[in-house]
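A look at the structure
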Amino acid sequence: MAAELLEQLSAALIKGQAPVVKELTQKAIDEGFSAKEILDDGLVAGMSVIGDKFKRNEVYIPEVLIAARAMNAGMALVKPLLKLAGVKARGTVCCATVKGDLHDIGKNLVCMMLEGAGYEVVDLGVNCEPEKFVKAAQEHNADAIGMSALLTTTMTNMKATVDAFQEAGLRGKVKIMVGGAPLTQNFADEIGADGYAPDAASAVDLLHSLMGS
Ligand code: B1M
């Protein structure tokens, strides 16, 4: 019976029904489910189904964005409880589109997926200078950063960011992952990043593996 409510919550999220997700999340809170249960067995469970379907091309970007909106409707209710319960995020990751680049649709998708998978995501926006990445990683004690680039002319700024982390002495501490349409695994290897993900769902798998979880 209890698990049924969380299954319904997960199913509503998969369908992208934000008002239903909001209602069922509140119901689960009222019925005494812990924030962790609601997250793990309801919201995150639903979002990972969407992530898997997205990887298999069974759903597309609009469905992911709609599911993410539903996720946010539930998260808004759960977040204050998580803080009260002291539930720790899986890790902290600072994400942005690199210097000179204003494309943010893919980066936003990656942020939503990572948040949906239980990470604390600090979204630094677009046109992010290497120094801003470094400063944010220090300020938030980040475990990882995620860089996105959509232009062949801005991909090079990823290397500048990797170098900035090296110079700041943070390279051993902060994992660096990269993505964006013009990128390849080869490019990621060349610039010394820790990993490349071709899409938002794979970015979650990549971060899990970089964090060793
Ligand atoms: Co621009 N644009 N654009 N654009 N734009 C492209 C990228 C382009 C390929 C179009 C083309 O010519 N065919 C081309 C780049 C050519 C090149 O460099 N080889 C281009 C150009 C040239 C430009 C301008 C220079 C145009 C001009 O002004 N002359 C200009 C540059 C502005 C700037 O950034 N300084 C420009 C501007 C714009 C708009 C502002 C109009 C708009 C952006 C709006 C916005 O983002 N808010 C725009 C758009 C929409 C596009 C296209 C059409 C779509 C990009 C997109 O959002 N895709 C694009 C053409 C195309 O791709 N078909 C194009 C959907 C998105 C979900 O995919 O971002 O690849 P994507 O993200 C994926 C993966 O790559 C991955 O996961 C995501 C989801 O699966 N991923 C990561 C992304 N980041 C990741 C990070 C990770 C892991 C995975 O880890 C951290």
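Residues numbered from 1 in each chain as written. Predicted model: local features only at pLDDT ≥ 70, side-chain atom pairs only at ≥ 80, totals over all residues. Heavy atoms only, no water.

As a further point, take the environment of Gly42. In this fold, Gly42 is placed in helix 3 (residues 35-55). Accessibility expressed as a relative area gives 0% for Gly42, which makes it buried. Not counting the four nearest positions on each side in its chain, Gly42 is found in contact with Leu6, Leu9, Ser10 and Glu37. (Helix = DSSP H or I, 4+ residues; strand = E, 2+ residues; numbered from the N terminus. Buried < 20%, exposed > 50% of the residue type's maximum accessible area, 1.4 Å probe, protein only. Contact = heavy atoms within 4.5 Å.)

Exactly one protein atom donates to the cobalt atom of the ligand; that atom is His103 (NE2), 2.2 Å from the metal. Within the secondary structure, His103 is located in the loop between strand 1 (92-97) and helix 5 (105-116). (Donors = N, O, S within 2.8 Å, 3.2 Å for Na, K, Ca; no water.)

Turning our attention to the domain arrangement of the protein. Looking at the protein, the domain boundaries give domain 1 (2-84) and domain 2 (92-211). For domain 1 and domain 2, the distance between their C-alpha centres works out to 25 Å. Of the residues lining the interface, twelve residues belong to domain 1; the matching set on domain 2 comes to eleven residues. Roughly 1000 Å² of surface becomes buried between domain 1 and domain 2 when both sides are summed, with 76% attributable to carbon and sulfur atoms. At the surface where domain 1 touches domain 2, the tally comes to two salt bridges. (Domains from an automatic or database assignment. Buried area = accessible area lost by both parts, 1.4 Å probe. Salt bridge = Lys/Arg side-chain N within 4 Å of Asp/Glu carboxyl O.)

To continue, consider the layout of surface pockets. Reported here for the largest pocket is a volume of approximately 670 Å³. Forming the boundary of the largest pocket are 30 residues, of which Leu39, Glu115, Ala117, Gly118 and Tyr119 lie nearest the centre. Of all the secondary structure elements, the ones that give two or more residues to the lining of the largest pocket are helix 3, helix 4 (61-85), helix 5, strand 2 (120-123) and helix 9 (200-210). At nine residues, helix 3 tops the list of elements feeding residues into the lining of the largest pocket. Split into classes, the residues belonging to the lining of the largest pocket amount to 14 nonpolar, five polar and eleven charged. Counting only domains with at least three residues in the lining of the largest pocket, you end up with domain 1 (2-84) and domain 2 (92-211). In this structure, the second largest pocket encloses a volume near 410 Å³. Around the second largest pocket sit 26 residues that line it, and Gly106, Val110, Gly180, Pro198 and Asp199 are the ones nearest its centre. Among the secondary structure elements, those contributing two or more residues to the lining of the second largest pocket are helix 5, strand 3 (144-148), strand 4 (175-179) and helix 9. In terms of residue class, the lining of the second largest pocket is made up of 18 nonpolar, six polar and two charged. (1 Å grid on protein atoms, 1.4 Å probe; cavity = no way out; pocket = protein on both sides within 12 Å on 5 of 7 lines; lining within 4 Å. Points joined across faces, edges and corners; volume = space filled by probe spheres on them. Nonpolar A, V, L, I, M, F, W, Y, C, P; charged D, E, K, R; others polar.)

Here we take up unusual backbone geometry. The backbone of Asn57 sits at a positive phi, close to 60 degrees, despite the residue not being glycine. Within the fold, Asn57 resides in the loop between helix 3 and helix 4. Asn57 sits in the exposed class, given a relative accessible area of 51%.

Right, let's get into the site of the ligand. Near the ligand there are 27 residues, and of these Leu102, His103, Asp104, Ser148 and Thr152 occur at the shortest range. Within the backbone of Thr152, an N or O atom sits 2.9 Å from an oxygen atom of the ligand. Every element with two or more residues in the shell around the ligand is listed here: helix 5, strand 3, strand 4 and helix 9. In terms of residues, the shell around the ligand owes the most to one element, helix 5, which gives four residues. Grouping the amino acids of the shell around the ligand by side-chain chemistry returns 16 nonpolar, eight polar and three charged. (Near = heavy atom within 4 Å. Polar contact = N/O pair within 3.5 Å; in protein donor to acceptor, adjacent residues only side chain to side chain.)

This brings us to the state of the cysteines. Inspection of every chain in the model, using the stated rule, returns zero disulfides. Here Cys111 stays free of any disulfide, with the sulfur of Cys95 as its closest cysteine sulfur at 4.3 Å. (Disulfide = S-S within 2.5 Å.)

All right, on to helix 5 then. Between its first and last C-alpha atoms helix 5 spans 16 Å; for twelve residues at 1.5 Å apiece the expected length is 16 Å, and the two agree. Where helix 5 terminates, the next one or two residues include Gly118, which has phi positive at roughly 100 degrees. (Expected span 1.5 Å × (residues − 1).)

What follows concerns empty space enclosed by the protein. Over the atoms, a rolling probe the size of a water molecule traces out where space has been left empty. Counting across every chain of the model gives one cavity of 30 Å³ or more. Looking at the largest cavity, the residues that line it are Met47, Ala68, Met71, Asn72, Met112, Glu115 and Gly116. Mapped onto the lining of the largest cavity, the elements with two or more residues apiece are helix 4 and helix 5. Per-class residue counts for the lining of the largest cavity are four nonpolar, two polar and one charged. Lining the lining of the largest cavity are residues from two domains, each supplying at least three of them: domain 1 (2-84) and domain 2 (92-211).

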